[in-house]
Amino acid sequence: MEKGFTITYEYGGNLYVNTTNRCNFNCAFCVRHNGRQGSIYSDNLWLEREPTKEEILASIEARDLTRYAQLVFCGFGEPSYRIEDICWVIDQLKARGKKLFTRMDTNGTGNLIHGRDICPDFAGRFDMVSVSLNADTAEKYDALCRPAMPGAYQAMKDFAKELRRYVPTVMMTVVDTISLEEIEACRRICEDEIGAVYRVREYIED
């Protein structure tokens, strides 16, 4: 493997797929701010170049896939930048008889990134999508996540709600660094407004 080219890595019984370092957010809590090229998950997730879809597929198939509970498209950037290539990879795996529980961890702004509704692309391909909710108001969200595109908070919520039409499980998450009041307010947004599964994630020091 060439230097700076970690495509797949193991964590918590799952196989993670690192497809891009591009991100339209600059989150205050992101591990990318620590100056390292990796994290607790892998020593080096900073890609010198983006892998081709064929390289992504080859890296996945080089693993013993029976060892993993989930195949998770996540990594050091926003995976929805590569939605077309990721869908191609999943289609190839399915065509070759590979039965995998597939998940994407996303900031939920793929529709803004692509200028189109990408939700239908998830149908029949993903078993779960985890969307970062992060805050209970747009103002707090913008201050915490510092999105490059205006309207990101509402776009994220709209994406999660629409995605429920195409994916069996849509989860929304917050990090436990916010107050208990905010955690409960986010729960109401997730469960009552969106109809998604709610998860409070523990902040892990890298």
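Residues numbered from 1 in each chain as written. Predicted model: local features only at pLDDT ≥ 70, side-chain atom pairs only at ≥ 80, totals over all residues. Heavy atoms only, no water.

## A short note on the pairing of strand 2 (residues 14-18)
Strand 2 sits mainly inside the fold: five of its five residues count as buried. Side-chain alternation along strand 2 places Asn14, Tyr16 and Asn18 on one buried face and Leu15 and Val17 on a second face that is also buried. Examined bridge by bridge, strand 1 (residues 8-11) and strand 2 share four bridges and lie antiparallel to one another. Across the sheet, Tyr11 pairs through a bridge with Asn14, a residue of strand 2. Count of turn residues in the strand 1/strand 2 antiparallel hairpin: two residues, of which Gly12 carries a positive phi of about 60 degrees. (Buried < 20%, exposed > 50% of the residue type's maximum accessible area, 1.4 Å probe, protein only. Helix = DSSP H or I, 4+ residues; strand = E, 2+ residues; numbered from the N terminus. Pairing = 2+ DSSP bridges.)

## With respect to helix 2 (residues 83-95)
The terminal C-alpha atoms of helix 2, which comprises 13 residues, lie 18 Å apart, in line with the 18 Å expected from a rise of 1.5 Å per residue. Of the residues making up helix 2, those classed as buried are Ile83, Ile86, Cys87, Val89, Ile90 and Leu93. For helix 2, the angular spread of buried residues about the axis comes to 160 degrees, placing them on one side. In this structure, the buried residues of helix 2 make contact with helix 1 (53-61), strand 3 (71-74), strand 4 (102-106) and helix 3 (110-114). Of the residues flanking the end of helix 2, it is Gly97, one or two places downstream, whose phi is positive at about 80 degrees. (Expected span 1.5 Å × (residues − 1). Arc of directions from axis to C-beta. Contact = heavy atoms within 4.5 Å.)

## A word on the packing of helix 1 against helix 2
To characterise two packed helices, one gives the angle between the axes of the helices and the distance between these axes. Interaxial distance between helix 1 and helix 2 falls to 9 Å at its minimum, and their mutual angle equals 45 degrees. Regarding the angle of helix 1 to helix 2, the classification is oblique. Pair helix 1 / helix 2 crosses with right-handed handedness. Facing Lys53, Glu54, Ile56, Leu57, Ile60 and Glu61 of helix 1, the residues of helix 2 in contact are Asp85, Trp88, Val89, Gln92 and Leu93. (Axes fitted to C-alpha atoms, helices over the stretch in contact; angles between N-to-C directions. Parallel < 35°, antiparallel > 145°, perpendicular 65-115°, else oblique. Left-handed = near helix turned anticlockwise from the far one by under 90°.)

## Here's the deal with the packing of aromatic side chains
Overall, the coordinates contain eight aromatic pairs when judged by the stated rule. Measuring from ring centre to ring centre gives 5.9 Å for Phe25 and Tyr141, while their planes differ by 85 degrees; the resulting arrangement is edge-to-face. Linking Phe25 in the loop between strand 2 and helix 1 with Tyr141 in helix 4 (residues 138-145), this pair joins segments that are 116 residues apart in sequence. With relative accessibility at 10%, the residue Phe25 sits in the buried group. Of the residues examined, Tyr141 reaches a relative accessible area of 0% and is grouped as buried. The rings of Phe73, Phe122, Phe126 and Phe159 are connected pair by pair, giving a single aromatic cluster. (Phe/Tyr/Trp six-rings, centres within 6.5 Å; stacked < 30°, edge-to-face > 60°.)

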